[in-house]
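So the chains spell out like this:
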Amino acid sequence: MSGRVQIGISGLVKTYGRGGRTVRALRGIDLEIGAGMFGLLGPNGAGKTTLMRILAGIAHPTSGTVRIDGHDLATEAGRRATKSILGYLPQELGIYPELTAAQFVDYMAILKGLDDARRRKRRVAEALEMVALENAADRKIKAFSGGMKRRVGIAQALVNDPRLLIVDEPTAGLDPGERIRFRNLLVTLADQRTVILSTHIVEDIGQTCRELAVLGRGRVLFRGTPAGLSRIAEGHVWTVTRPRLEEPKPGTTIVSMLHLEDRVQYRLVGSRVDGDPGAEPARPSLEDGYVRLMQAEETGVGG
Amino acid sequence: MSLRRRALWIAYGLLFGFHTLLLFSPPPLGEWIAGERIASHEIWPVAGRFLAAVNVFFPVVAGVLTADRVKRDLTLGMRELQESTPLDPASYVLAKYFGALAACLLPLLGWVMAIAAVMTAIGHAAPGFLLAVPVAFAAITVPALAFVVAFSIACPLAMPLAVYQVLFIGYWFWANFIPPGLFPTLNGTLLTPNGMFALQGFFGGPVSAAIAGPSRYDARDAVLNLAVLAACVIAVLVLLTGWLRRRARLA
Amino acid sequence: MSALKYAWLTYRRETLWFPLAFLVFFVVIAWMMRRPDIRFAIARGYLGFMLPLIGGILAAYAVLDDPALELRFATPTGAARTLLTRLIPILGVQAASGIAFQLFARGMAVDFSPLGGQVAVQMAWIVPTVVLGAVGTSGALATAHCATGAFLTGAVWLVQLLMRGWILSNCGMLYMFMGVLEPRHPDLRLSQTSLIVASAALAVVSWRLLRRQERYL
């Protein structure tokens with residue numbers, strides 16, 4: 001069943017009521033997502049999870065169109081068709097602690113329509129092997145570490161050999177070794193399917209995604225490659241050395257700070273650092289590009 | 001925070017509508033709204049009966065919806081955060097208890113006063129009714145809800161939530177509405193929280209306008225009943241505080 | 001069958017032990033009472049009142065009290081199948097409890113004939129159980145809150161017990177305890193049929209509500 005999908009999003013708007021107010025979570029998203037690994041970045045409240053849930057067929061668009069391989073997600077039939085090719089790992093992974101890893105993945109396989117018991121058993125074993133949990137298959141999930149629980153989450157997402165894999169903050173709370181393992185696994189999986197990775201961790205996107213989009217306040221602020229996002233910050237990244245801690249100037253953001261013996265070294269992203277003898281231009285990273293994009297967004301809103 | 005819970009307002013809204021319909025329905029369903037003006041000497045008994053009728057269902061809302069207030073903090077890991085603050089278990093328990101109780105009492109007080117105001121405005125009751133109702137609220141409804149909320153925040157820590165809710169609803173019926181002669185019950189004892197003691201002892205009202213005859217309980221019985229209920233509330237809160245302290249020590 | 005097996009395994013444990021505990025409790029109470037009329041009253045109380053209340057409140061938690069709800073929603077499993085697989089085990093436990101209790105009761109020579117024939121006896125507890133199950137489920141889904149569904153179940157149960165006279169006089173078709181409290185009522189069959197139809201309507205409402213998955217996340 002493997003094979004990538006084409007996702008077309010046009011004018012997507014999502015609003016919902018909350019405590020008497022109307023919240024516009026998505027304000028007209030236009031996006032085309034094709035093969036391989038696609039990254040979704042953005043601050044909290046940008047609309048990433050809302051977009052993930054719409055693509056997973058759980059939430060309904062308020063207006064606009066979303067098509068996955070031609071299936072319209074505004075219809076029940078379209079959502080059901082999408083779910084049959086979908087593997088989904090939500091941000092808040094809920095599991096049944098009393099089940100073993102194998103039982104949990106088996107149950108999810110049943111819910112995904114794998115009715116043939118022999119095929120399902122084989123798929124469960126393969127999915128657990130992919131996430132290196134084959135030796136823990138018969139242990140109850142409540143005894144698992146956080147990283148192992150996340151791997152169970154990935155296994156259930158893969159058990160039906162999905163063509164579309166949506167993972168929302170998959171590396172949250174994982175130690176560096178687990179994060180690297182996860183990233184490598186996702187890249188391997190993206191070879192034969194479309195993978196959408198939504199995360200706060202810029203480095204994960206930079207290490208794995210050919211293309212990405214940055215959401216902010218329900219809109220697409222950037223669509224392109226990681227290199228393209230980095231280039232946004234070109235000419236706006238500086239390394240500054242000071243004798244002591246200082247407040248950043250207006251229009252600049254301290255991206256990192258290093259306390260040396262008798263001085264402090266900053267990495268700044270901002271519009272101007274004129275006349276500062278200690279300032280040296282630096283080569284922008286992906287994180288710098290993200291910060292610069294957010295600065296421009298805030299300035300644009302305020303101005 | 002509990003006051004903002006949608007579940008509370010939905011449940012209360014349904015009951016407000018239900019009770020308002022009952023109040024403005026003719027007998028035997030409605031008590032006294034349709035038809036005659038409440039005589040001046042009847043104001044206090046009628047106020048008492050009004051709040052005693054409120055005690056049939058509103059404590060069920062309070063009992064069911066407050067059952068997760070403390071349990072939720074333990075389940076979500078909030079208790080661990082709270083234990084790292086200067087907040088001691090006694091203060092925590094009191095804050096939880098009075099917060100949940102206030103969330104249950106305030107909307108109810110608003111509604112009963114609105115009913116009293118309407119009754120007075122349309123001339124069915126003298127202005128004295130506006131004093132009688134809050135007094136009856138304090139003597140009849142507050143003790144009932146105070147009793148129920150105390151047990152409801154504590155007991156679910158010893159059992160699953162749904163189990164407690166079934167037991168509580170069964171208890172409420174068994175301990176308040178089964179006639180003592182029919183079946184062994186707490187109804188009619190000093191442990192009865194439904195407000196009958198206060199209704200008859202303080203407000204001189206029979207259980208219903210349809211029931212004639214002298215009251216079974218006097219003011220002394222009513223005071224004893226309130227004292228026993230208060231003692232139960234204090235005992236439960238003390239036990240709950242002790243349990244939380246022990247739990248923190250053993251963690 | 002595997003789906004039902006896992007539906008059972010993923011329930012909280014009290015879904016089984018709580019109805020069993022109540023069953024044992026009432027069996028012991030009935031056994032302790034020597035008088036046949038009191039044994040009958042206890043049997044009627046358990047079957048006609050407690051079993052439906054327990055079933056209704058457990059049903060209120062059956063669908064939404066699911067830690068993997070979002071994962072479930074992301075599968076092609078439809079709302080109807082979700083409702084069936086989550087509710088059948090609960091109603092199944094209630095049915096098994098009802099049947100087991102009757103076997104014990106008949107062993108203690110409890111005479112159920114005041115409730116009518118075999119079918120009438122079974123309908124006397126099945127109808128309120130189905131009704132309260134439907135109220136609990138639909139109430140929880142309508143308000144997206146299990147405890148509100150539980151409250152609505154309890155409120156309906158209490159209202160029907162306490163306002164029996166008024167309900168029988170004004171809307172007897174909706175009196176779910178007619179089979180246990182008024183078994184000779186001429187409108188019993190009609191009432192039970194109306195209640196089953198009403199429960200089916202609530203089931204349809206529940207299905208429509210559950211299709212709007214994002215309400216529950």
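Visitor: How would you explain the overall build of chain B if you had to name every residue and give the values?
Guide: Of the regular secondary structure elements, chain B holds 9 helices and 0 strands. Order of helices (α) and strands (β) in chain B, N terminus to C terminus: α-α-α-α-α-α-α-α-α. Out of the 251 residues belonging to chain B, those deemed buried represent 51%. Pairs at least 24 apart in sequence give 72% of the contacts found in chain B among residues at least 6 apart. Carbon and sulfur atoms form 71% of the exposed surface of chain B, whose accessible area is close to 11,100 Å².

Visitor: Tell me about the interface of chain C and chain B, residues and numbers included.
Guide: How big an interface is tends to be expressed through the accessible area that disappears when the partners come together. Contact residues are listed per partner, giving 27 residues for chain C and 28 residues for chain B. For the pair chain C and chain B, the two sides together bury roughly 2,300 Å², of which 88% comes from carbon and sulfur. Summed over the three residues of chain C that lose the most area to chain B, namely F151, L158 and L162 of chain C, the buried surface amounts to 26% of that side. Here chain C and chain B share 0 salt bridges between them. Sorting the residues of the side of chain C that touches chain B by element identifies α2 (14-32), α3 (36-62) and α7 (146-162) of chain C as the ones contributing at least two each. It is α7 of chain C that provides the largest number of residues to the side of chain C that touches chain B, a total of 12 residues. Within the side of chain C that touches chain B, the residues separate by chemical class into 22 nonpolar, 4 polar and 1 charged.

Visitor: Outline the nonpolar core, listing residues and values.
Guide: Core analysis: the largest hydrophobic core is formed by 179 residues, its most contacted members being L55 of chain A, W111 and F129 of chain B together with W157 of chain C. Examining the composition of this core, we find that 16 residues originate from one element, α3 of chain C, more than from any other. L128, A136, L293 and M294 of chain A belong to the second largest nonpolar core, which has 59 residues in total.

Visitor: If you had to explain the domain arrangement of chain A to someone new, which residues and values would you point to?
Guide: Per the domain assignment, the segments making up chain A are domain 1 (1-85 + 162-224), domain 2 (97-159) and domain 3 (230-299). Taking only C-alpha atoms into account, the centre of domain 2 of chain A sits 46 Å from that of domain 3 of chain A.

Visitor: Can you explain the sheet that holds strand β8 (residues 194-198) of chain A? Please cite residues and give values.
Guide: Residue and element names in this part refer to chain A. On the basis of which strands lie adjacent, the open sheet formed by 6 strands has the order β6-β7-β8-β3-β9-β10 and mixed pairing. Two strands in the sheet have a free side with no partner beyond their single neighbour: β6 (86-89) and β10 (219-224). Mean inter-strand twist for the sheet, computed between neighbouring axes without regard to direction, equals 15°. For strand β3 (residues 36-41) and β8, the ladder comprises 5 bridges, and the chain directions are parallel. Paired with L40 across the two strands is S198, which belongs to β8. Sitting on the sheet, helix α5 (residues 146-158) is in contact with β6 and β7 (164-168), with an inclination near 165° to β6.

Visitor: Could you give an account of the sheet that holds strand β11 (residues 237-242) of chain A, naming the residues involved and the relevant values?
Guide: All names here are of chain A. Read from one edge to the other, the open sheet built from 4 strands follows the order β12-β13-β11-β14, with strand pairing classed as antiparallel. What marks the edges here is a single partner per strand, and that holds for β12 (252-259) and β14 (279-281). Looking at each pair of strands side by side, their axes are set apart by 25° on average, direction ignored. By the bridge criterion, 3 bridges tie β11 to β14 in an arrangement that is antiparallel. Note on β14: the bridge partner recorded for W238 is P281.

Visitor: Please set out helix α8 (residues 196-203) of chain B residue by residue, giving values where relevant.
Guide: Counting buried positions over the 8 residues of α8 of chain B gives 7, a clear majority of the element. For α8 of chain B, the complete set of buried residues consists of M196, F197, A198, L199, Q200, G201 and F203 of chain B.

Visitor: Describe the pattern of salt bridges, with residues and values.
Guide: Enumeration according to the criterion identifies 28 salt bridges over all chains in this entry. Put simply, D69 of chain A and R163 of chain A hold a salt bridge, and the shortest N to O gap is 2.5 Å. On the criterion of sequence distance, the pair formed by D69 of chain A in the loop between β4 (63-68) and β5 (71-72) and R163 of chain A in the loop between α5 and β7 is long-range, its members being 94 residues apart. Taking relative accessible area as the criterion, D69 of chain A reaches 30% and is therefore assigned partly exposed. We note a salt bridge from D288 of chain A to R267 of chain A, for which the minimum N-O separation is 2.5 Å. Of this pair, D288 of chain A sits in helix α9 (residues 286-302) while R267 of chain A sits in strand β13 (residues 264-270), and the two are 21 residues apart along the sequence. The network of salt bridges with common partners includes E76, R79 and R80 of chain A together with R211 of chain C.

Parameters at a glance
Residues numbered from 1 in each chain as written. Chains lettered and ligands numbered in written order. Predicted model: local features only at pLDDT ≥ 70, side-chain atom pairs only at ≥ 80, totals over all residues. Heavy atoms only, no water. Helix = DSSP H or I, 4+ residues; strand = E, 2+ residues; numbered from the N terminus. Buried < 20%, exposed > 50% of the residue type's maximum accessible area, 1.4 Å probe, protein only. Contact = heavy atoms within 4.5 Å. Areas by Shrake-Rupley, 256 points an atom, 1.4 Å probe, with all protein chains shown as cover. Buried area = accessible area lost by both parts, 1.4 Å probe. Salt bridge = Lys/Arg side-chain N within 4 Å of Asp/Glu carboxyl O. Nonpolar A, V, L, I, M, F, W, Y, C, P; charged D, E, K, R; others polar. Core = buried A, V, L, I, M, F, W, Y, C linked by side-chain atoms within 4.5 Å. Domains from an automatic or database assignment. Pairing = 2+ DSSP bridges. Axes fitted to C-alpha atoms, helices over the stretch in contact; angles between N-to-C directions.

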